[in-house]
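Spelled out, the chains give:
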2 protein chains.
Amino acid sequence: MPHSSAAAVLKPMQIISDAKVHGGRQGVYTIESDACGCDMTFAVFVPPQAKEQLCPVLWYLSGLTCTHANVMDKGEYRRMAAEHGLIIVCPDTSPRGDHVPDDASWQLGKGAAFYLDATEEPWSANFRMESHIIDELSAVIAGHFPADMSRQGIFGHSMGGHGALTLALRHPDRFKSCSAFAPIVQPSTANWSVGALTAYLGPDQAAWRGHDATLLIADGARFPEFLVDQGKSDQYLETGLMPWLFEDACRKAGIPLTYRLHEGYDHSYNFISTFMDDHLAWHASRLAQA
Amino acid sequence: MPHSSAAAVLKPMQIISDAKVHGGRQGVYTIESDACGCDMTFAVFVPPQAKEQLCPVLWYLSGLTCTHANVMDKGEYRRMAAEHGLIIVCPDTSPRGDHVPDDASWQLGKGAAFYLDATEEPWSANFRMESHIIDELSAVIAGHFPADMSRQGIFGHSMGGHGALTLALRHPDRFKSCSAFAPIVQPSTANWSVGALTAYLGPDQAAWRGHDATLLIADGARFPEFLVDQGKSDQYLETGLMPWLFEDACRKAGIPLTYRLHEGYDHSYNFISTFMDDHLAWHASRLAQA
């Protein structure tokens, strides 16, 4: 059922594609997004168990330049999601459309919305991905799919790892589990996110703290535990990702963190697909009980 | 070592990409192909076992419109290939380049070479995929990779299923195992291949028989056994694939065929990825002994 009065009227959903796979169904859908002021596309995998019972929901947030499709094509999540009975929801990474502001940089604008609600012009009219995911798309998932919304987890990659960590820390009542592949853990200082935070939230860095996993924890936000996997041959490790900052923040706050550095792996879906099964098992074990 | 005197000088190979994945390495390479008169791209997955020993080689042939990349992105073969210690080789589906003849139809020309050596102008200069795979690329794999060429299997999808069945029947000394996802089993009559066979081999249908799995068997070609999986919701089932013709040919010839029709599955990589593990296990068990 819809989880807020604002979503009391269930938003209609258009089916773009739908196919049987690994015993479940992989679909792609669009809604007319009020949050983003444009049509928004998303992918949902429904496992075979959903014929018999409501299933937990695991949100996957993608990285810079991606759409919903990258992880759907290359993430290799369906076999294990079908085994564990997980619904997997993959939103897009930004608003889309000719009327939506953009930037020449791949680190700002379309494909780079950083999972927050922008407050600055011209971005604030459309770049409201937190509202899109937490309110609007959650109501759509609750209303259109056999989802147990009392059991939700969230994970993601790179910018989407940042999204997973920050949304979990900002909405700990919503999510029971959180993990990340090669996340941007401190966007306030990472070389590829400072420009986006300035554009979306303005130059006052005080406003950035609420969208920075390490600073959220420093400011008192808590989550039960995290799993983070990182490739040691990731070209962004030293300048953009800096996972040791997240390790430090978790240690100081007493938040259990399972952090694994993997020899030889890069930043691509080769890395993600290799450790996908581990993440799905992590979430499944934490979402098993209602 | 190279397997023919023509390949005595090992052809150099250019590395396009290379990444660690599932404990092994996925690479993409090009060679200057003499068979096809153009640069030819192919993908190779090398499993972690190859650090210690030569590994069997399993060839995957793709369908119409594909390149080497479709199965690499969507086939979900690496986890299981790493478990079983299989080298997976994924050739392109046709010659490429501005000088290579093409056709407006997706069923002829680039992306649609049907794994044979064309005899008719203008195709015969470049469309020599059987020689490319069986002679040229085999020598490259033998020379550049830790491959046990005495243990090779072959499989594929749709046009590539046709390729796997016909190349196995034409070269039973080369391959120890063969399977197919939704193969074109009788290209001489299937609505999407008659035009290609006419163009590549000429209008005399006698020349087609050597590249038609059902007619090869009728004419006496043999292979130890086959595995064929087919989706029941495949839109090409009735007009292009017609697997019952292959069932009939195998039954008459006494060739063991494991044929499985799967409720609800279509012709896409959703179907292929679902049954990929089964095919890899099938080949691994037959390629386990030298």
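In this text, all values refer to a predicted model and were calculated from it rather than measured experimentally.

A. Structural context of the interface of chain B and chain A. Listed by partner, the interface residues are 19 residues for chain B and 19 residues for chain A. Roughly 1,700 Å² is buried in total at the junction of chain B and chain A, and carbon and sulfur atoms are behind 44% of that figure. Counting the surface chain B buries against chain A, the share from its top three residues, B:K20, B:H22 and B:E76, is 33%. Our count for the contact surface shared by chain B and chain A stands at two salt bridges. Between B:E76 and A:R78 there is a salt bridge whose closest N-O contact spans 3.5 Å. Going through the elements one at a time, β1 (14–21), α1 (69–74), α2 (78–84) and α9 (269–287) of chain B are the ones with two or more residues in the side of chain B that touches chain A. With four residues, α9(B) is the single largest residue contributor to the side of chain B that touches chain A.

B. Spotlight on the relation of the copies chain B and chain A. Expressed as a screw operation, the relation of chain B to chain A combines 0.0 Å of axial shift with a rotation of 180°, fitting to an RMSD of 0.0 Å. Read as a symmetry element, the transformation amounts to a two-fold axis. A shared interface surface links the copies, since 100% of the contact residues of chain B are contact residues in chain A too.

C. Region of interest: the packing of aromatic side chains. Residues and elements named next belong to chain A. Counted by the stated rule, this structure contains 32 aromatic pairs over all chains. Between the aromatic rings of Y60 and F155, the centroid separation amounts to 5.0 Å while the plane-to-plane angle is 80°, which identifies the pairing as edge-to-face. Highlighted residues: Y60 in strand β4 (residues 55–61) and F155 in strand β6 (residues 147–157), separated in sequence by 95 residues. We classify F155 as buried; its relative accessible area is 1%. Through a chain of ring-to-ring contacts, three or more aromatic side chains come together here, namely Y60, F155, F181, Y265, F271 and F275.

D. Spotlight on the sheet that holds strand β8 (residues 226–231) of chain B. What the nine strands build is an open sheet, ordered β1-β2-β3-β5-β4-β6-β7-β8-β9 (chain B); its pairing is mixed. Each edge of the open sheet is held by one strand with a lone partner, namely β1 and β9 (257–262) of chain B. Within the sheet, the average angular offset between the axes of one strand and its neighbour, ignoring direction, is 20°. Pairing of strand β3 (residues 38–46) of chain B with strand β5 (residues 87–91) of chain B, which is carried by four bridges, proceeds in the antiparallel orientation. Counted as the bridge partner of B:V44 is B:V89 from β5(B). Running over the sheet, helix α9 (residues 269–287) of chain A touches β1 and β2 (24–33) of chain B and is turned about 30° from β1(B).

E. Looking closely at the UniProt feature "active site" (unreviewed entry) in chain A. Residue and element names in this part refer to chain A. Using the residue numbers shown here, the UniProt feature "active site" (unreviewed entry) corresponds to S158, D234 and H267. Look at the named residues: they lie 110 residues apart in sequence, but the longest C-alpha span between them is just 10.8 Å, so in the fold they bunch up. With respect to the helices and strands, S158 occurs in the loop between β6 and α4 (159–170). Excluding residues that lie within four positions of it along the chain, S158 makes contacts with G63, F181, A182, P183, I184, W192 and H267. Tracing the backbone shows D234 in the loop between β8 (226–231) and α7 (237–241). Exposure remark for D234: the relative accessible area of 5% places this residue in the buried category.

F. Quick peek at the sheet that holds strand β7 (residues 177–181) of chain A. Residues and elements named next belong to chain A. If you walk across this open sheet you meet the nine strands as β1-β2-β3-β5-β4-β6-β7-β8-β9, and the pairing is mixed. Either end of the sheet is taken by a strand with one partner, and the two such strands are β1 (14–21) and β9 (257–262). Sheet twist, expressed as the average angle between the axes of neighbouring strands with direction ignored, equals 20°. The pairing of β7 with β8 spans three bridges and is parallel. Its bridge partner lying in β8, S179 is registered against L227.

G. Expanded view of the nonpolar core. One finds B:I141, B:Y200 and B:F226 to be the most contacted residues of the largest nonpolar core, which totals 98 residues. In this structure, A:M40, A:L61, A:A196 and A:M242 belong to the second largest nonpolar core, which totals 96 residues.

H. Here's a closer look at α9(B). Residue and element names in this part refer to chain B. Of all the bends in α9, the greatest measures close to 45° and is centred on F275. In terms of burial, α9 is largely enclosed, as 15 of its 19 residues are buried. Capping of α9 at its N-terminal end is provided by S268; its side-chain oxygen lies 3.0 Å from the backbone amide nitrogen of N270.

I. Representation of the pairing of β1(B) in the model. All names here are of chain B. Here β1 runs beside β2; their pairing, made up of seven bridges, is antiparallel. Within the sheet, the bridge partner assigned to A19 lies in β2 and is Q26. Turn length for the β1-β2 hairpin, with the two strands adjacent in sequence and antiparallel, is two residues, and the turn residue H22 shows positive phi of about 50°.

J. Region of the structure containing the environment of A:S124. All names here are of chain A. You can see S124 is positioned in the loop between β5 (87–91) and α3 (129–144). On a C-alpha basis, the gap between S124 and P101 in space is 9.7 Å, while along the polypeptide they are 23 residues apart. With residues near it in sequence (within four places) discarded, S124 still touches A118 and T119.

K. Up close: the confidence of the model for chain A. Residue and element names in this part refer to chain A. Scored by pLDDT, chain A has a mean of 96; 97% of the residues are at 70 or more. With pLDDT under 50 throughout, residues 1–7 is counted as low confidence; its partners more than four residues away or in other chains account for nine contacts. Across the assembled chains, the prediction reports ipTM 0.93 with pTM 0.95.

About the criteria used
- Residues numbered from 1 in each chain as written.
- Chains lettered and ligands numbered in written order.
- Predicted model: local features only at pLDDT ≥ 70, side-chain atom pairs only at ≥ 80, totals over all residues.
- Heavy atoms only, no water.
- Contact = heavy atoms within 4.5 Å.
- Buried area = accessible area lost by both parts, 1.4 Å probe.
- Salt bridge = Lys/Arg side-chain N within 4 Å of Asp/Glu carboxyl O.
- Helix = DSSP H or I, 4+ residues; strand = E, 2+ residues; numbered from the N terminus.
- Least-squares fit on C-alpha atoms with pLDDT ≥ 70 in both.
- Phe/Tyr/Trp six-rings, centres within 6.5 Å; stacked < 30°, edge-to-face > 60°.
- Buried < 20%, exposed > 50% of the residue type's maximum accessible area, 1.4 Å probe, protein only.
- Pairing = 2+ DSSP bridges.
- Axes fitted to C-alpha atoms, helices over the stretch in contact; angles between N-to-C directions.
- UniProt positions renumbered as here; feature names shortened; annotations may be inferred.
- Core = buried A, V, L, I, M, F, W, Y, C linked by side-chain atoms within 4.5 Å.
- Bend = angle between axes of the 7 residues up to and from the residue.
- Polar contact = N/O pair within 3.5 Å; in protein donor to acceptor, adjacent residues only side chain to side chain.
- pLDDT = per-residue confidence, 0-100.

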